[in-house]
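Summary of structural features
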Amino acid sequence: MTAYAVISDVHANLHALEAVIKDIEGRGIEEIYFSGDIVGYGPRPNECLDIILERCKILIAGNHDWAVIGYTDTEYFNDNALFAVEWTRDHLTDKHMDDIREFKLFKSDPARNALFVHATPKDPDSWDYLFSLTNAAINFRSFNQKFCFIGHSHTPVIIENAGQGKMSAIWTSTIIQETCRYIVNVGSVGQPRDGDPRASYAVVDNSKIEIIRVPYDIQQTQMEMFEAGLPARLIERLSFGQ
Ligand code: ZN
């Protein structure tokens, strides 16, 4: 089986996305999967969407994508996120709005024995955050594949389920065990929140799952956000990955 990459939560950060694609191509990896949230927060939604449409074998919607097209309600969005949703709605072309309307909330690839969903496999449209092993245990019962790739929290983690209640959280990489199943949060390309400002994504090959971090030109994105009039808090947080 050839290796593949899974990316998520690009959030219209073009320079982070370009750096990640370059890193993936540098590894000779051709197949890329996308776990949701192309837009929201960042300044280059149209360009990011073009790249995702062109490069990704499977792509699904995140809560920000659905919020922009009005498919999910934004009551629980904080003020900055809501501002970014409205800004994005004003700046996406009609063609790109139509593209997003086609996105589903989850998809699987039998060839990879993998499911792709933005938030949780249990309730994809509730946009819950998967932060505990107890919650992970419930979610493992909601899909049959060996791998489930998620995003949403912007915090990369590999959750390994060895069966009989034996579960562990792994932060960087792990050898794939024949008898285990995995939920992998691949982290965020465009707005990491685990204290590391570098872009995050995952590479999977025959033997292992690995979280990769890629530096990119943060200031360039911040400058574009400033020029676009996006909220200061959203600009600042990119420096700290929080
Ligand atoms: Zn997100």
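Residues numbered from 1 in each chain as written. Predicted model: local features only at pLDDT ≥ 70, side-chain atom pairs only at ≥ 80, totals over all residues. Heavy atoms only, no water.

A few words now on the packing of aromatic side chains. Per the stated rule, a full pass over the model turns up 11 aromatic pairs. On the basis of an interplanar angle of 0 degrees and a centroid distance of 4.6 Å, the ring pair of Y33 and F116 is categorised as stacked. Placement of the pair is Y33 in strand 2 (residues 31-34) and F116 in strand 5 (residues 114-117), with a sequence separation of 83 residues. Each member of the pair, Y33 as well as F116, is classed as buried. Ring centres of W66 and W127 lie 6.4 Å apart, and the angle between their planes is 75 degrees; this geometry places the pair in the edge-to-face category. Of this pair, W66 sits in helix 3 (residues 63-68) while W127 is found in the loop between strand 5 and helix 6 (133-140), placing the two residues 61 residues apart along the sequence. The exposure class of W127 is buried, given its relative accessible area of 6%. Through a chain of ring-to-ring contacts, three or more aromatic side chains come together here, namely Y4, Y33, F116, F147, F149 and Y182. (Phe/Tyr/Trp six-rings, centres within 6.5 Å; stacked < 30°, edge-to-face > 60°. Helix = DSSP H or I, 4+ residues; strand = E, 2+ residues; numbered from the N terminus. Buried < 20%, exposed > 50% of the residue type's maximum accessible area, 1.4 Å probe, protein only.)

What follows is about the sheet that holds strand 11 (residues 199-204). Strands sit in the order 3-2-1-11-12-9 across an open sheet of 6 strands; the sheet is mixed. The outermost strands of the open sheet, each flanked by one partner alone, are strand 3 (56-59) and strand 9 (173-175). If you compare each strand with its neighbour and ignore which way they point, the axes differ by 25 degrees on average. Inspection of the sheet shows strand 9 paired to strand 12 (residues 208-214) by 3 bridges, in the antiparallel sense. Looking across to strand 12, one finds that T174 is bridged to I209. Contacts from helix 1 (residues 14-26) reach strand 1 (4-7), strand 2, strand 11 and strand 12 within the one sheet, and its direction differs from that of strand 11 by about 25 degrees. Taken strand by strand, helix 2 (residues 45-55) contacts strand 1, strand 2 and strand 3, and its axis lies near 110 degrees from that of strand 3. (Pairing = 2+ DSSP bridges. Axes fitted to C-alpha atoms, helices over the stretch in contact; angles between N-to-C directions. Contact = heavy atoms within 4.5 Å.)

Judged by nonpolar contacts, the single largest core of 52 residues is most densely connected at I7, L17, I52 and Y201. The element that contributes the greatest number of residues to this core is helix 1, accounting for 7 residues. With residues near it in sequence (within four places) discarded, Y201 still touches A5, V6, I7, V20, D23, I24, R27, V186, E210, I211, I212 and V214. If you look at the next biggest cluster of nonpolar residues, it comprises 20 residues, including A114, F149, I158 and V184. (Core = buried A, V, L, I, M, F, W, Y, C linked by side-chain atoms within 4.5 Å.)

Relative to each other, helix 2 and helix 5 (residues 94-101) sit at 50 degrees, their axes nearing to 11 Å. What the angle tells us is that helix 2 and helix 5 run oblique. Between helix 2 and helix 5 lies a crossing whose hand is left-handed. When helix 2 is examined against helix 5, the residues N46, L49, D50 and L53 are found in contact with a partner set consisting of K95, H96, D99 and I100. (Parallel < 35°, antiparallel > 145°, perpendicular 65-115°, else oblique. Left-handed = near helix turned anticlockwise from the far one by under 90°.)

Bear in mind that shape data such as this cannot, by itself, settle questions of function.
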